[in-house]
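Chain by chain, the residues run as shown.
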Amino acid sequence: MTTIAFKHLIAASAHFHRLVRAQIVVDDGVAHAQTQILGAARLAGLLMFRGLRVDCAGLAPGMRVPSDEARLQGERLIELLLISLHQLGHPTPRDTLDARCATASLSRLAFVEIHERLTESALAYLERSPMGMREAAMAAVVAAAGLIHDHAPAMPPHQAAALAALGVEEGLTTVPWPLSSARAEALISGSGPGWEPAYIRTMS
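A. View of the side chain of Ser13. On the secondary structure map, Ser13 appears in helix α1 (residues 3-23). Exposure remark for Ser13: the relative accessible area of 8% places this residue in the buried category. In this structure Ser13 touches Ala139, Val142 and Ala143, once residues within four positions along its chain are discounted.

The following block contains the structure:
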């Protein structure tokens, strides 16, 4: 990864971190640890799903669509999550993750609500960035690691990372719901103003 690409990734992760802190709140503005962690991880998966260019014609929003490519990219995102946690001072080997915490019931917001609160803003950010969907997914999973760090007093990292891994897998295998604005839909279809297909590439 080049220095410039790395800077874009760090900037995007900081933006997604702020976005989740601002938008994923419950009970009159309360920041609920599990909901925010799962929210950022689901966003990472949703962005990666779009990067896979899955043909969703005829598929219902919210439908689960597992694939070998989704599994591979999910493993890469989870690896990045654990590396980021280690850099933040939370060594969390894969075999220490608490599988009992990998449950969506810990979230106070449904998956579709996470999608509605985060996706369009994330895409608007990408319109101004030279990042593609896959790089954006990486940034979102780094943001999830930052949120695990923030909420460590409320949820130990080995539990929070298991929850985040679930969120990544959910996002990567779920057909996204329609976006609320025509502009956002145009961004995804490639017909919106300012869209440049060359942005969809893998950093190296």
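B. Fine view of the pattern of salt bridges. Tallied over the entire structure, the rule returns eight salt bridges. The salt bridge involving Arg21 is made with Asp150; its shortest N-O contact spans 3.6 Å. Separated by 129 residues along the polypeptide, Arg21 in helix α1 and Asp150 in helix α5 (residues 133-150) bring together distant segments of the chain. Close ionic contact of Arg42 with Glu170 constitutes a salt bridge, the shortest N to O distance being 2.7 Å.

C. Focus on the packing of helix α2 (residues 33-51) against α5. Closest axis-to-axis distance for the α2/α5 pair is 8 Å, and the angle between their directions is 170 degrees. It follows that α2 is roughly antiparallel to α5 by the angle criterion. Mapping the contact onto sequence places Gln36, Ile37, Ala40, Ala41, Leu43, Ala44, Leu47, Met48, Arg50 and Gly51 in α2 and Met133, Arg134, Ala136, Ala137, Ala140, Val141, Ala144, Leu147 and Ile148 in α5. A class-by-class count of the residues in the contact of α2 with α5 yields 15 nonpolar, two polar and two charged.

D. Examining unusual backbone geometry more closely. Within the chain, Asp27 stands out as a residue other than glycine whose phi angle is a positive 50 degrees. With respect to the helices and strands, Asp27 occurs in the loop between α1 and α2. A positive phi angle, near 60 degrees, is found at Arg53, a position not held by glycine. Structurally, the position occupied by Arg53 is in the loop between α2 and α3 (68-87). Using a relative accessible area of 48% as the deciding quantity, one classes Arg53 as partly exposed.

E. Here's a closer look at a nonpolar patch on the surface. On the surface, Met1, Phe6 and Ile10 cluster together into a nonpolar patch covering about 290 Å² of accessible area. As for its placement among the helices and strands, Met1 is situated in the segment before α1.

F. Structural view of the environment of Leu9. Following the sequence through the fold, Leu9 ends up in helix α1. Classification of Leu9 as buried rests on a relative accessible area of 6%. The spacing of Leu9 and Ala137 is 128 residues in sequence and 9.6 Å in space, taken between C-alpha atoms.

G. Quick look at the side chain of Gln73. Looking at where Gln73 falls in the secondary structure, it is placed in helix α3. On the accessibility criterion, Gln73 (5% relative accessible area) is buried.

H. How the structure looks around the nonpolar core. Phe16, Leu47, Leu81, Leu126 and Val141 are the most contacted members of the largest nonpolar core, which has 56 residues in total. Listing elements by their share of this core, those giving two or more residues are α1, α2, α3, α4 (111-127), α5 and α6 (157-172). The biggest single contributor to this core is α5, with 12 residues. What Leu81 contacts, discounting residues up to four positions off in sequence, is Val141, Ala144, Ala145, Ile148, Ala161 and Ala164.

I. How the structure looks around α4. For α4, which comprises 17 residues, the first-to-last C-alpha distance of 24 Å matches the rise-based estimate of 24 Å (1.5 Å per residue) to within 8%. Along α4, the sharpest change in direction is near 30 degrees and occurs at Leu118.

Rules behind the numbers
Residues numbered from 1 in each chain as written. Predicted model: local features only at pLDDT ≥ 70, side-chain atom pairs only at ≥ 80, totals over all residues. Heavy atoms only, no water. Helix = DSSP H or I, 4+ residues; strand = E, 2+ residues; numbered from the N terminus. Buried < 20%, exposed > 50% of the residue type's maximum accessible area, 1.4 Å probe, protein only. Contact = heavy atoms within 4.5 Å. Salt bridge = Lys/Arg side-chain N within 4 Å of Asp/Glu carboxyl O. Axes fitted to C-alpha atoms, helices over the stretch in contact; angles between N-to-C directions. Parallel < 35°, antiparallel > 145°, perpendicular 65-115°, else oblique. Nonpolar A, V, L, I, M, F, W, Y, C, P; charged D, E, K, R; others polar. Patch = residues over 30% accessible without salt bridge, like charges linked within 9 Å, V, L, I, M, F, W, Y side chains within 5 Å. Areas by Shrake-Rupley, 256 points an atom, 1.4 Å probe, with all protein chains shown as cover. Core = buried A, V, L, I, M, F, W, Y, C linked by side-chain atoms within 4.5 Å. Expected span 1.5 Å × (residues − 1). Bend = angle between axes of the 7 residues up to and from the residue.

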